[in-house]
Amino acid sequence: MALLDILLYPDPRLRKQAKIVEVVDQKITQLVDDMAETMYNAPGIGLAATQVNVHKRVIVMDVSEHKNQLMVFINPVIEEETGDTEAEEGCLSVPGVVAPVRRAESVVIGALDREGRPFKLEAYELLSVCVQHEIDHLDGKVFVDYLSRLKQNRIRKRLLKEERDSSEIDRHNKVVVY
């Protein structure tokens, strides 16, 4: 297993639409393993392949208290939405930002599991919000897209500044060996 790099907003690669997984093979199960390790290490509760610059329709999630119930969704599709709710969301690709987002209260998802077997799941509360959030990533959307343009611009500018400041520190701390 390997830790993967998580793309950070506003990286344009986060806008790429993920493609359907045609065959669940060893490459996909390796991707699932690497994504799970990356998500747990981050730490997070969900990760879409798009966030690690792999544009396949693959999501890993674990909303359990003890982080021991990994869920895998390959080619997930929301088949049914019910109700309306607003919840605070954050994202591994948008570090340090939390904002309210309005989504369906519950959803029915159809997907393939890690072995390529089809399943359906009815999701409520945090699981519902998380799966909608991650499917958005597969469709090239980031949760900040639900915010006003003003808030989006502030977030983008802040994250770009933090990246510049971090690069500046890295540049000054490098050791040159002759």
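Residues numbered from 1 in each chain as written. Predicted model: local features only at pLDDT ≥ 70, side-chain atom pairs only at ≥ 80, totals over all residues. Heavy atoms only, no water.

1. A short note on the pairing of strand 7 (residues 118-124)
Quick note on the threshold: In this scheme, strands are said to pair when DSSP sees at least two bridges between them. Strands are runs of DSSP state E lasting at least two residues, helices are runs of H or I lasting at least four, and both sets are numbered from the N terminus onward.
Sheet topology places strand 6 (residues 106-112) next to strand 7; seven bridges connect them, and they run antiparallel. Residue pairing for strand 7: Leu112 is matched across the bridge by Pro118. Hairpin connection from strand 6 to strand 7: five residues lie between these consecutive antiparallel strands, with Gly116 at a positive phi of about 90°.

2. Here we look at helix 1 (residues 26-41)
How we decide: Multiply 1.5 Å by the residue count of a helix minus one, and that product is the helix's expected span. For every residue, the accessible area (1.4 Å probe, protein chains only) is compared with the maximum for its type, and the residue is labelled buried under 20%, exposed over 50%, or partly exposed between those bounds. We call two residues in contact when some of their heavy atoms are within 4.5 Å.
Given a rise of 1.5 Å per residue, 16 residues ought to cover 22 Å, and the 22 Å separating the end C-alpha atoms of helix 1 matches this to within 8%. Among all positions of helix 1, only Ile28, Thr29, Leu31, Val32, Asp33, Asp34, Met35, Ala36, Thr38 and Met39 are buried. Buried residues along helix 1 sit in contact with strand 1 (46-48), strand 2 (58-61) and strand 3 (71-82).

3. Side note on the side chain of Arg57
Basically, it comes down to this: Polar contact is the term for a pair of N or O atoms within 3.5 Å; when the atoms are in protein, one must be able to donate a hydrogen and the other to accept it, and sequence-neighboring residues count only if both atoms are side-chain atoms.
Looking at the secondary structure, you find Arg57 in the loop between strand 1 and strand 2. With a relative accessible area of 10%, Arg57 lands in the buried category. Within polar-contact distance, the side chain of Arg57 engages the side chain of Asp139 at 3.0 Å. Beyond its immediate chain neighbours, meaning those up to four positions away, Arg57 contacts Ala18, Lys19, Ile20, Val21, Phe73, Ile74, Asn75, Pro76, Ile135, Leu138 and Asp139.

4. Here we look at the packing of aromatic side chains
Applicable threshold: Planes of paired rings set the category: under 30 degrees apart is stacked, over 60 is edge-to-face and the rest tilted, where pairs are Phe, Tyr or Trp rings (Trp by its six-membered ring) whose centres lie within 6.5 Å.
If you walk through the whole model with that rule in mind, you get one aromatic pair. With 5.7 Å between their ring centres and 45° between their planes, Phe73 and Phe119 make a pair best called tilted. With Phe73 in strand 3 and Phe119 in strand 7, this residue pair connects regions lying 46 residues apart in the sequence.

5. Focus on helix 2 (residues 125-138)
Three- or four-residue spacings in an α-helix give side chains the same orientation, since the helix completes a turn every 3.6 residues. Taking 1.5 Å per residue as the helical rise, helix 2 with its 14 residues ought to reach 20 Å, and the 21 Å between its terminal C-alpha atoms agrees with that figure. Taking burial as the measure, the 14 residues of helix 2 include 12 buried ones, the bulk of the element. If you check which residues of helix 2 are buried, you get Leu127, Ser128, Val129, Cys130, Val131, Gln132, His133, Glu134, Ile135, Asp136, His137 and Leu138. Trailing helix 2 by a residue or two, Gly140 shows a phi angle of about 85°, which is positive.

6. As for the sheet that holds strand 2
Counted only if it meets this: Fitting a line to C-alpha atoms yields each axis, with helices limited to the stretch in contact; the angle taken between N-to-C directions then spans 0 to 180 degrees.
Spatially, five strands are ordered 1-2-3-6-7 in an open sheet, and the strand pairing comes out antiparallel. Of all the strands in the sheet, just strand 1 and strand 7 have a single pairing partner and so form its edges. Between one strand and the next, the sheet's axes are offset by a mean angle of 40°, whatever the strand orientation. Contacts from helix 2 reach strand 1, strand 2, strand 3, strand 6 and strand 7, with the element oriented near 150° to strand 2.

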